[in-house]
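Coordinates in review
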Amino acid sequence: MNATTRNRLVAVAALAVAAAGLGVIAFGNLGENLVYYWSPQEMLDQGSKAHGPTIRLGGVVKSGTIEWEADKTALSFRVAQDDAEDAVSVIVHSRETPPQMFRDGIGVVVEGTYSAAGIFESNRLMVNHSNEYRPPEEGEKRDWKETLSESSSAAVTP
Amino acid sequence: MSLGHLGYAFVLAGLVSAGFGAVVGIAGGLRRRPSTLRWALWATFAFGAFMLAANLTMEVGLLTDDFSIRYVSQVGSTQTPTVFKIVALWSALEGSILFWGLVLGAYLTAFAFLHRRDEPVYVSLALGVMLAVATFFAFLIAGPANPFEVLPNPPLDGPGPNPLLQNHILMVIHPPMLYLGYVGMTVPFGVALAALLKGEISPSWMVPLRQWTLVAWIFLTVGIILGAWWAYAVLGWGGYWAWDPVENASLLPWLTATAFIHSTMVQERKRMLKLWTISLALASFVLTILGTFMTRSGVFNSVHSFTQSDIGPTFLVFIGILLVACIALLAARGHLLVAEDHINAPVSRETTILLNNLLFAALTFVVLVGTLHPLIAEGLFDKRVSVGAPYFNRLTLPFWVTVLFLMGVGPMLPWGRADATKVRQQFVIPALVSLVTVGIALALGLRGFYPLAVFGLAAFVTVITLRELWIPIRGRMKDGREGLWAATVGSAGRARRRFGGYVVHLGVVMIAVAVAASSAYVTHTSATLKPGQSFTLDGHTLRFEGLVTGKEPHREFVAGRLTFTPRDGGSTLELLPRMNYYETSTDPVGTPAVHETLREDVYVSLLAFDGKGHSASFNAWTFPLVSWIWWSIPLLVLGCAISLWPSRRSKAKAAAAPAAAPGSDALEKGAA
């Protein structure tokens with residue numbers, strides 16, 4: 001084994017160690033930073049495993065559960081599995097002002113953590129953009145002009 | 001015959017030309033028959049012409065609202081303003097693949113024209129490989145993503161392009177830039193594979209490889225920055241980069257292409273790293289295809305995947321073929337690419353470039369793992385997960401900072417063995433300036449390890465880069481008694497690649513400083529106000545005056561009028577964050593109001609409003625220095641233009657064969 005070959009071997013070994021180290025670090029960090037996409041049912045099925053990790057909880061806003069205190073920027077509502085009357089749902093607390101489209105029955109995704117007390121603490125609230133791109137159907141959604149003129153009966157807008 | 005049939009006929013003709021050219025080019029090249037080059041050239045020109053014709057046909061369809069073409073019925077609308085009708089070509093999947101075909105045709109035509117008199121076997125093989133890629137895309141357009149399908153019962157009107165794409169003028173230029181970057185990687189891929197197929201890389205063949213990669217690189221870079229700017233100016237969530245899979249998809253080939261641009265210098269000077277350099281060129285292309293797959297097949301649920309499609313499997317097969325072909329060729333021909341030298345000085349320019357390459361490889365790995373993990377988790381374990389931004393930030397930050405450090409050290413060190421005393425002398429001033437910068441930042445009350453490290457290193461790199469640029473200029477001014485301008489132009493002309501590279505480095509320093517400052521010292525407030533009430537944001541005052549409504553040709557809007565008083569009490573101005581309502585969309589699309597200064601951006605978005613009480617809710621941020629990210633574009637483009645500028649020797653040749661196509665400056669032959 002001459003000097004060049006030895007050097008090359010040392011270099012390859014060093015690279016292999018560095019690559020393995022990077023792999024371990026990358027995959028290690030991956031686990032800690034995973035965000036789980038769950039529906040209310042799926043999250044409840046996880047049991048105690050759902051307490052701790054960051055979760056994106058997707059579902060629909062259960063009708064009649066929106067409580068908004070503008071002066072304290074405190075929002076509370078239930079995210080339900082679907083729009084059925086008896087669907088499984090989870091209480092969500094948020095410190096955010098709800099966006100314009102937020103209303104009863106709309107699809108939402110909240111990101112946050114689920115406490116052992118059974119409350120989902122959200123730090124990010126996203127309303128599902130209907131990715132379908134089409135004109136609103138009759139009676140499907142109120143016109144913005146109505147929103148502007150009507151009273152805030154649906155408790156949508158603060 | 002309807003417009004749709006005509007367009008489809010052009011696509012089929014393009015497919016046939018590309019397929020024919022691929023077979024002839026590769027087979028003729030492998031048999032070393034120079035005479036077949038002529039056929040490959042004509043096939044390339046035909047492909048380019050048919051793609052142009054197909055795209056023009058689609059534009060005619062869009063502009064004349066011909067809803068019998070399925071694509072027009074999906075994205076067209078009689079209400080859409082003309083400019084958005086034109087750009088509707090790339091506003092949805094099928095059209096964007098068609099546009100891809102046009103860009104590919106333009107690149108291939110330019111390459112064929114500029115290199116038609118080069119070594120015929122090389123050019124024949126390169127064109128053959130590029131046309132094989134073109135065959136795949138023409139097949140996509142003709143089959144799985146056919147935009148020209150003719151509807152038997154055309155609708156009277158269509159929905160118009162996605163409102164998010166109609167919302168900002170940046171959307172007109174961001175996608176073409178990104179496409180020019182993505183598609184441009186096809187050319188270095190073809191050049192590199194031609195070298196592997198032929199089994200040798202002559203130094204003269206490395207020149208087009210390097211230059212075409214740089215052409216694609218600058219478009220990709222500008223495309224990524226414009227995309228970040230668009231996200232910032234349109235989406236209204238108060239940021240420009242979210243480590244979204246689609247953003248990562250554009251970053252991955254950028255990382256490998258950047259590594260390539262650096263390693264090619266070692267390859268050229270020291271005749272080392274040949275296999276590695278070629279691999280980087282191949283990887284950049286494969287990653288652009290992977291990126292397109294991720295963006296366009298709808299496998300990721302992100303804002304960019306506007307449509308679900310069935311092009312996914314076709315892409316996966318193509319990626320598989322690419323990987324097998326590349327690895328097989330590298331394995332079969334790798335032994336021909338042996339290093340003729342080795343690194344004999346641990347502290348030298350080549351070592352820093354080697355380190356730079358290792359860092360970029362590590363960055364690529366980390367980003368790739370984080371991006372693909374959700375796909376693998378869902379595909380194999382049926383788990384829906386995503387990888388949070390903290391993963392990318394925490395893991396890539398140390399690498400970015402080290403790369404910044406190397407950007408200073410590399411240019412300071414000579415090729416080969418360095419004189420220790422001299423290096424130490426050169427190190428003193430930049431290091432001092434760097435320390436003073438950190439001191440000033442601390443005195444201003446700025447804290448945090450990473451931002452301060454970035455500021456210090458940015459000063460370090462800037463001093464070294466400016467000195468490297470200045471020394472030859474000063475030399476010319478002293479010895480040649482030239483004026484400042486003449487000396488600058490003269491020294492830039494003598495070593496264009498070095499000079500241009502350093503100008504690009506200065507642009508990168510701007511980005512580094514802007515990213516560090518805007519993410520470390522961001523401030524955020526949200527408030528719900530009645531007219532007349534105000535809130536403060538990092539010392540500034542914003543008073544809500546009331547809601548206004550308005551109408552534009554293709555949309556109506558509601559805006560919250562805010563009077564902005566700067567913290568130093570200067571003159572007030574009006575900010576109008578708004579929410580746009582498109583005729584054809586169920587949901588409003590917001591547009592934030594941004595007050596931009598060199599020092600900081602004040603960024604306000606309208607979150608919600610209530611007509612009855614006339615109150616409105618706002619999200620507001622200040623982002624220090626953030627606009628420096630976009631204002632780095634002129635420096636980056638200038639640097640690349642200097643690097644690619646034709647040398648005097650080849651100018652005569654360029655004049656003899658005037659070229660109008662992009663990349664015409666790539667005529668430079670081995671100079672610099």
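The rules we used
Residues numbered from 1 in each chain as written. Chains lettered and ligands numbered in written order. Predicted model: local features only at pLDDT ≥ 70, side-chain atom pairs only at ≥ 80, totals over all residues. Helix = DSSP H or I, 4+ residues; strand = E, 2+ residues; numbered from the N terminus. Rg over C-alpha atoms; globule rule 2.2 N^0.38 Å. Buried ≥ 20, exposed ≤ 12 C-beta atoms within 10 Å, placed from the backbone. Contact = placed C-beta atoms within 7 Å. Domains from an automatic or database assignment. Pairing = 2+ DSSP bridges. Axes fitted to C-alpha atoms, helices over the stretch in contact; angles between N-to-C directions. Parallel < 35°, antiparallel > 145°, perpendicular 65-115°, else oblique. Nonpolar A, V, L, I, M, F, W, Y, C, P; charged D, E, K, R; others polar. Expected span 1.5 Å × (residues − 1). Bend = angle between axes of the 7 residues up to and from the residue. pLDDT = per-residue confidence, 0-100.

1. Some words on the overall build of chain B
Of regular secondary structure, chain B possesses 22 helices and 11 strands. Taking 26 Å as the expected radius of gyration for a compact globule of 672 residues, we find that chain B reaches 27 Å, a close match to that expectation. The principal-axis extent of the C-alpha atoms belonging to chain B is close to 80 × 75 × 55 Å. In chain B, which comprises 672 residues, the proportion classed as buried is 52%. Within chain B, counting contacts between residues at least 6 apart in sequence, those at least 24 apart form 74% of the total.

2. Section: the overall build of chain A
Helix and strand content of chain A: three helices and seven strands. Reading the secondary structure of chain A in the N-to-C direction produces α-β-α-β-β-β-β-β-β-α. Going through the 158 residues of chain A one by one, you find that 26% of them count as buried. In chain A, the share of contacts with a sequence separation of at least 24, taken over all contacts with a separation of at least 6, comes to 46%.

3. Regarding the domain arrangement of chain A
Domain boundaries assigned for chain A yield domain 1 (1-33) and domain 2 (35-130 + 142-149). The centre of domain 1 of chain A, based on its C-alpha atoms, is set 45 Å off from the matching centre of domain 2 of chain A.

4. So, the pairing of strand β9 (residues 593-596) of chain B
Residues and elements named next belong to chain B. Where β9 lies against strand β10 (residues 600-610), four bridges are found, and the strand directions are antiparallel. Residue pairing in the sheet places H595 in a bridge with V602 of β10. Between the antiparallel neighbours β9 and β10 lie three residues.

5. Comments concerning unusual backbone geometry
Residue and element names in this part refer to chain B. Not every positive phi belongs to a glycine, and R271 is a case in point at roughly 55°. Considering the arrangement of structural elements, one finds R271 in the loop between α11 (245-270) and α12 (274-296). Here R271 falls in the partly exposed class, since 13 other C-beta atoms lie within 10 Å of it. Even without a glycine there, the phi angle at D538 is positive, about 50°. If you trace the backbone, D538 turns up in the loop between β3 (534-537) and β4 (540-552).

6. Observations concerning the packing of helix α10 (residues 203-235) of chain B against helix α21 (residues 633-644) of chain B
All names here are of chain B. Remark: α10 packs on α21, axes separated minimally by 10 Å, with the N-to-C direction vectors making an angle of 175°. Between α10 and α21, the interaxial angle falls into the category roughly antiparallel. Packed against α10, whose contacting residues are Q211, L214, V215, I218, T221, V222 and I225, the element α21 presents I633, L636, V637, C640, S643 and L644 at the interface. Here the residues of the contact of α10 with α21 are counted per class, giving 10 nonpolar, three polar and no charged.

7. Quick notes on helix α16 (residues 420-443) of chain B
Residues and elements named next belong to chain B. Given a rise of 1.5 Å per residue, 24 residues ought to cover 34 Å, and the 34 Å separating the end C-alpha atoms of α16 matches this to within 8%. When the local axis directions of α16 are compared, the greatest deviation, roughly 30°, occurs at V428, which is followed within four positions by the proline P430. Taken from the residues just after α16, G445 is the one with a positive phi, measuring 90°.

8. Overview of helix α5 (residues 93-114) of chain B
In an α-helix, one turn spans 3.6 residues, which is why side chains three or four residues apart end up on the same side. Between its first and last C-alpha atoms α5(B) spans 32 Å; for 22 residues at 1.5 Å apiece the expected length is 32 Å, and the two agree. Buried residues dominate α5(B), accounting for 20 of its 22 residues.

9. Examining the sheet that holds strand β2 (residues 523-529) of chain B
All names here are of chain B. Ordered by their spatial adjacency, four strands build an open sheet running β2-β11-β10-β9, and the pairing between neighbours is antiparallel. Two strands lie at the open edges of the sheet, namely β2 and β9, each paired on one side alone. Averaged over neighbouring strand pairs, the angle between their axes works out to 15° when direction is ignored. In terms of strand pairing, β2 meets strand β11 (residues 615-624) through seven bridges, oriented antiparallel. Considered in β11, the bridge of H524 is made with W621.

10. Some details on the packing of α12(B) against helix α13 (residues 312-333) of chain B
All names here are of chain B. Put simply, α12 and α13 touch, their axes get as near as 10 Å, and they point 175° apart. What the angle tells us is that α12 and α13 run roughly antiparallel. Here α12 contributes L275, S279, L282, V286, I289, L290 and F293 to the contact with α13, which in turn contributes G312, F315, L316, F318, I319, L322, L323, C326 and L330. For the contact of α12 with α13, a count of residues per class yields 14 nonpolar, two polar and no charged.

11. Considering the environment of R467(B)
All names here are of chain B. Mapped onto the secondary structure, R467 falls in helix α17 (residues 449-479). Exposure remark for R467: the 16 C-beta atoms within 10 Å place this residue in the partly exposed category. Separated by 438 residues in the primary sequence, R467 and G29 place their C-alpha atoms 47 Å from one another.

12. Details of the environment of R349(B)
Residue and element names in this part refer to chain B. Examined against the element boundaries, R349 turns out to sit in helix α14 (residues 349-381). Classification of R349 by C-beta neighbours within 10 Å gives buried; the count is 21. In the structure, R349 is positioned 84 residues away from M265 in sequence and 9.9 Å away in space, judged by C-alpha atoms. The contacts of R349, once residues within four sequence positions are left out, are G410, L413, P414 and W415.

13. A closer look at the confidence of the model for chain A
When the pLDDT values of chain A are averaged, the result is 78; 80% of them are 70 or greater. Below a pLDDT of 50 lies the segment residues 130-158 of chain A, which in the model reaches 43 contacts outside its immediate sequence neighbourhood of four places, other chains included.

14. Here's the deal with the confidence of the model for chain B
Residues and elements named next belong to chain B. Confidence in the prediction of chain B, expressed as mean pLDDT, is 89, and 94% of residues score 70 or more. Per-element confidence in chain B ranges from a low mean pLDDT of 47 for helix α22 (residues 648-656) to a high of 97 for helix α2 (residues 37-63). Here residues 302-307 is a poorly scored stretch, pLDDT under 50, and it has 14 contacts once near neighbours within four places are set aside; other chains count. Note that pLDDT drops below 50 for residues 651-672; the model gives that stretch 48 contacts with residues more than four away or on any other chain. For this predicted complex, the interface score ipTM comes out at 0.77, alongside a pTM of 0.90.

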